[in-house]
Amino acid sequence: MSDTFSYLLMAWLDPQLLLLTALGTLAGIYVGAIPGLSVTMAASILISFTFSWDINNALALMVGIYVGGVYGGSRTAILLNIPGAPSAVVTAFDGYPLAQRGEAGQAIGLSTVMSVIGGLIGTLVLAGSAPYLADMALEFAPRDYFLIAILGLLLVSTLSGKSLARGIFSVALGAIIGLVGMDMVTAQPRMTLGSMELLGGIHYVVVMIGLFGAAEAFYQLHNLNVVPVKQKVDKIIPPLKMVLKYLPLSVRTSIIGVIVGALPGTGGDIASLFAYDHAKRTVKNPSKPFGEGAYEGLVAPETANNAAVGGAYVPMLTLGMPGDAVTAVIIGALVIHGLNPGPMLMIETPHIFWFTVGNLALANLFLLLFGLTGIKIFTKVVEVPKAVLIPLILVLCVVGTYSINSNMMEVYWMLGFGILGYWLKVFGFQTGPIILGVILGPLLDKTYRQAMSSVGDSGSDFLLALVTNPLSLVLTAVIVLVLLGQTPVKPWLMRRIRRH
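A brief structural summary. (Residues numbered from 1 in each chain as written. Predicted model: local features only at pLDDT ≥ 70, side-chain atom pairs only at ≥ 80, totals over all residues. Heavy atoms only, no water.)

### Overview of the overall build of the protein chain
Then comes step 1: The number of helices and strands found in the protein chain is 24 helices and 2 strands.
Then comes step 2: Counting all 500 residues of the protein chain, 54% fall into the buried class.
Then comes step 3: Here the analysis covers contacts within the protein chain between residues at least 6 apart in sequence; of these, 79% occur between residues at least 24 apart.
Then comes step 4: Summed over all atoms, the accessible surface of the protein chain reaches about 21700 Å², with 68% contributed by carbon and sulfur. (Helix = DSSP H or I, 4+ residues; strand = E, 2+ residues; numbered from the N terminus. Buried < 20%, exposed > 50% of the residue type's maximum accessible area, 1.4 Å probe, protein only. Contact = heavy atoms within 4.5 Å. Areas by Shrake-Rupley, 256 points an atom, 1.4 Å probe, with all protein chains shown as cover.)

Shown next, in the form of structure tokens:
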């Protein structure tokens, strides 16, 4: 117990970790607020700069970026009706009308306080539920990891946007990229095209920086002539009476955010939609009609998307599955530092889990401090011309990629993936499924071979183990249900249920 508390308070008591968390949170607010920049992009670039750091220092900075970035998008959503991040799209529905009424300051203040409440509730749920999930870790066999990898790949439907077919193509492309290099069992080259440079594979951080960083910079070239809108901001800190009035709604929507965030492949954007829908259905007398500046329409999505941060860490730390795109990048950071994200993480390195919990709580307190201050400076940063911002992003991408292995070939690969990501965006493909494939493809390959070896390469014994082992049976059943949910069977069943 004493060790747990020491891990929890590590970031609070170490001046260096305290400073890194504060800097990460502050930077995250601005990264999340500027349309065209994303938390995922920032985290992927950071990996390349922090891979030689101590793991605690690297995680402290990334947690701060994550927490600040999810909140930061609400500022431009309220001030300019331009969500800085996908999770802030719903915030703009009522936030911008509030700004048009001259209540931008109060709207930003209320969204800050509610975001912190949501973030702290998400952290508490992470601390309370994850250790119980970790107790199952010792029960996991290679076939269970294989099933988890399959379940992770099925998340492509939630990351695919409007086209599942394009999502399947993207995740398959990612899996192929992840398998390039030397076969881990036979040591034979795979898909290297005779190139010696490809024998070591393509570093997934290079792929992430290219697809999320360079690709976004190239894509923003379409918006060079967009003129930033200026807005006057007044009083920020909301009255205590207002906070208490909306507290019950914030608690309910925080729970929604945690649950949605814990579902791998979802995230704050989906959580905020569910929360907004809940508010519309349960609030009988809103301050204004929803969509016309209702404070309830601001509170619900802001608490949910920040609570989803704690929820997203649950599958990442306990199952090694990314809760969203940012946690997919953080998994990469853990792997780079020699850790094993998944069921064994809390058994082999429990200090990482409790350090993360304490760090999330600390980042939320810094979010309260920075969120209620520096608004005038913030409005100037938002007005930075794209012509200045885009070259800066590309320089960071190049420097970050080169710093991984001091290899110019990886810089060329990064730029190549940036061009690929740009054209995928132009034609409506999502880049999230590619990263999913890059991460889960090698895991699928490795665990399938291990599972088959454990049953003497007998296909029948392998299939029998899927239905005779309780944990494997549950995972198999979940996979079947997910597959059915993506076919016409689901609507047919729903129609049958309604008839009866």
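Moving on, there is more to tell.
### Considerations on the nonpolar core
Then comes step 1: Core analysis: the biggest nonpolar cluster contains 117 residues, and Tyr66, Leu126, Val207, Tyr313 and Ile330 have the highest contact counts within it.
Then comes step 2: For this core, the element with the highest residue contribution is helix α5 (residues 55-80), accounting for 13 residues. (Core = buried A, V, L, I, M, F, W, Y, C linked by side-chain atoms within 4.5 Å.)

### Notes on the packing of aromatic side chains
Then comes step 1: Per the counting criterion, the structure on display carries 13 aromatic pairs.
Then comes step 2: Arranged with centres 6.3 Å apart and planes meeting at 35°, the rings of Tyr246 and Tyr295 form a pair that is tilted. Taken together, the residues span a long stretch of sequence, with Tyr246 in helix α12 (residues 240-262) and Tyr295 in helix α14 (residues 295-319) at a distance of 49 residues. The two residues Tyr246 and Tyr295 agree in class, both being buried.
Then comes step 3: One aromatic cluster is present, built from ring pairs that chain together Tyr219, Tyr422, Trp423 and Phe427.
Then comes step 4: The positively charged end of Lys425 is found above the aromatic ring belonging to Tyr219, 5.9 Å away from the centroid. (Phe/Tyr/Trp six-rings, centres within 6.5 Å; stacked < 30°, edge-to-face > 60°. Lys NZ or Arg CZ within 6 Å of the ring centre and 35° of its normal.)

### Examining helix α20 (residues 408-426)
Then comes step 1: With 19 residues, α20 should cover 27 Å at 1.5 Å per step; its first-to-last C-alpha distance of 27 Å lies within 8% of that length.
Then comes step 2: Considered for burial, the residues of α20 that qualify are Glu410, Val411, Met414, Phe417, Gly418, Gly421, Tyr422 and Leu424. On an axial view of α20, the arc spanned by its buried residues comes to 165°, and they lie on one face.
Then comes step 3: Structurally, the start of α20 carries an N-cap: the backbone nitrogen of Met409 is 2.9 Å from a side-chain oxygen of Asn407.
Then comes step 4: Remark: Gly428 follows α20 within two positions and exhibits a positive phi of approximately 85°. (Expected span 1.5 Å × (residues − 1). Arc of directions from axis to C-beta. Polar contact = N/O pair within 3.5 Å; in protein donor to acceptor, adjacent residues only side chain to side chain.)

Nothing here speaks to function; it is all geometry.
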